[in-house]
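# Chains, contacts and geometry: an overview
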Amino acid sequence: MAQGSFSVFTNELFQKLKDPLPGESAHQVMQSSSKLRFTVKPNERTRKSAVLILFYPYANEIHFPLILRPAYDGVHSGQVAFPGGRYEKTDENLIRTALREAQEEIGLRLNDVKVLGILTELFIPASNFYVLPVVATIPYRPDFYPDPREVEDIFQIKLKEISDVSIIGTSEIQIRGVQIVAPHYEVNGYKIWGATAMMISELLSVIGTVDLEV
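For the structure given in this document, a descriptive report is provided here. Note that the coordinates shown come from a computational prediction; the quantities given were computed from them, not determined experimentally.

## A few points about the overall build of the protein chain
A tally of regular secondary structure across the protein chain gives 6 helices and 11 strands. Buried residues in the protein chain amount to 50% of all 214 residues. Considering only contacts within the protein chain whose residues lie at least 6 apart along the sequence, 67% involve residues at least 24 apart.

Here's what the structure looks like:
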């Protein structure tokens, strides 16, 4: 990939993130049928978190990493997600949370990471978290060093691939004994659904007409 082409993509996305965000209208495209969003509302126990959406050039394509969470006794067990996690008191802000968590989970070195902006904060009823998606770039493919306690695998997703509407489908999923219907993106044999899919939907809406030919 010509470095200048990736710079053009970065600059265009930086400008677009300054515009009003589509927010809920984009989220609804990939929203599940779970009734939790009607019955569980933010409260005094709701916690803050952030995830990192990191674009980088590789083999003439724009990519970003997603992680596979290990199986554990929790609502996000075995899910595909952006690297990220909860806000800590030592974090100066949620952007720092996203960067720190990516550093811890996927071994990202932050030297050349440039934050472009944020997407719309999203409430996740199942875990009672607000999550802020932070959008950033790095001008080369970084080395990844996954933390085995938090990351089972790392996927390098092509932006063009996730932009292809033919990978969108619908699944019936069991969450704590309750069956829901959820739209998903299917990539690498895995289904990306829930909050991550809703963030991707808003991201693609923001990117819109940005030229992906790099």
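## Structural notes on unusual backbone geometry
Although it is not a glycine, Ala-59 sits at a positive phi angle of roughly 50°. Relative to the helices and strands, Ala-59 is located in the loop between strand 1 (47-58) and strand 2 (61-68).

## Observations regarding the packing of aromatic side chains
Applying the stated rule across the entire model yields 7 aromatic pairs. Plain terms: the ring middles of Phe-55 and Phe-64 are 5.8 Å apart, the flat faces sit at 85° to each other, and that makes the pair edge-to-face. Assigned by exposure class, Phe-55 and Phe-64 land together as buried. A ring pair is formed by Phe-64 and Phe-82, whose centres lie 5.9 Å apart and whose planes are at 40°; its orientation type is tilted. Of this pair, Phe-64 sits in strand 2 while Phe-82 sits in the loop between strand 3 (80-81) and strand 4 (84-86); the two residues are 18 residues apart in sequence, bridging distant segments of the chain. Relative accessible area serves as the criterion here: at 2%, Phe-82 is assigned to the buried category. Grouped by ring-pair contacts, the aromatic residues Phe-6, Phe-9, Phe-55, Phe-64 and Phe-82 constitute a single cluster. For the cation-ring pair, Lys-114 lies above Phe-14, with the distance from its terminal atom to the ring centre recorded as 5.8 Å. Above the ring of Tyr-58, the side-chain terminus of Arg-141 is found at 3.9 Å from the ring centroid.

## Thoughts on helix 6 (residues 194-207)
The end-to-end C-alpha distance of helix 6, which contains 14 residues, comes to 20 Å, matching closely the 20 Å that a straight helix rising 1.5 Å per residue would cover. Taking burial as the measure, the 14 residues of helix 6 include 12 buried ones, the bulk of the element. When we look at burial in helix 6, the residues that qualify are Gly-194, Ala-195, Thr-196, Ala-197, Met-198, Met-199, Ile-200, Ser-201, Glu-202, Leu-203, Val-206 and Ile-207. After helix 6 finishes, the residue Gly-208 shows a positive phi value of roughly 45°.

## Considering the pairing of strand 10 (residues 178-187)
Across 3 bridges, strand 10 lies against strand 11 (residues 190-192) in antiparallel orientation. Bridge pairing in strand 11 links Tyr-185 to Ile-192. The hairpin turn running from strand 10 into strand 11, its antiparallel successor, is 2 residues long, and Asn-188 in that turn takes a positive phi close to 55°.

Scoring rules and cut-offs
Residues numbered from 1 in each chain as written. Predicted model: local features only at pLDDT ≥ 70, side-chain atom pairs only at ≥ 80, totals over all residues. Heavy atoms only, no water. Helix = DSSP H or I, 4+ residues; strand = E, 2+ residues; numbered from the N terminus. Buried < 20%, exposed > 50% of the residue type's maximum accessible area, 1.4 Å probe, protein only. Contact = heavy atoms within 4.5 Å. Phe/Tyr/Trp six-rings, centres within 6.5 Å; stacked < 30°, edge-to-face > 60°. Lys NZ or Arg CZ within 6 Å of the ring centre and 35° of its normal. Expected span 1.5 Å × (residues − 1). Pairing = 2+ DSSP bridges.

Worth remembering: the numbers are spatial, not functional.
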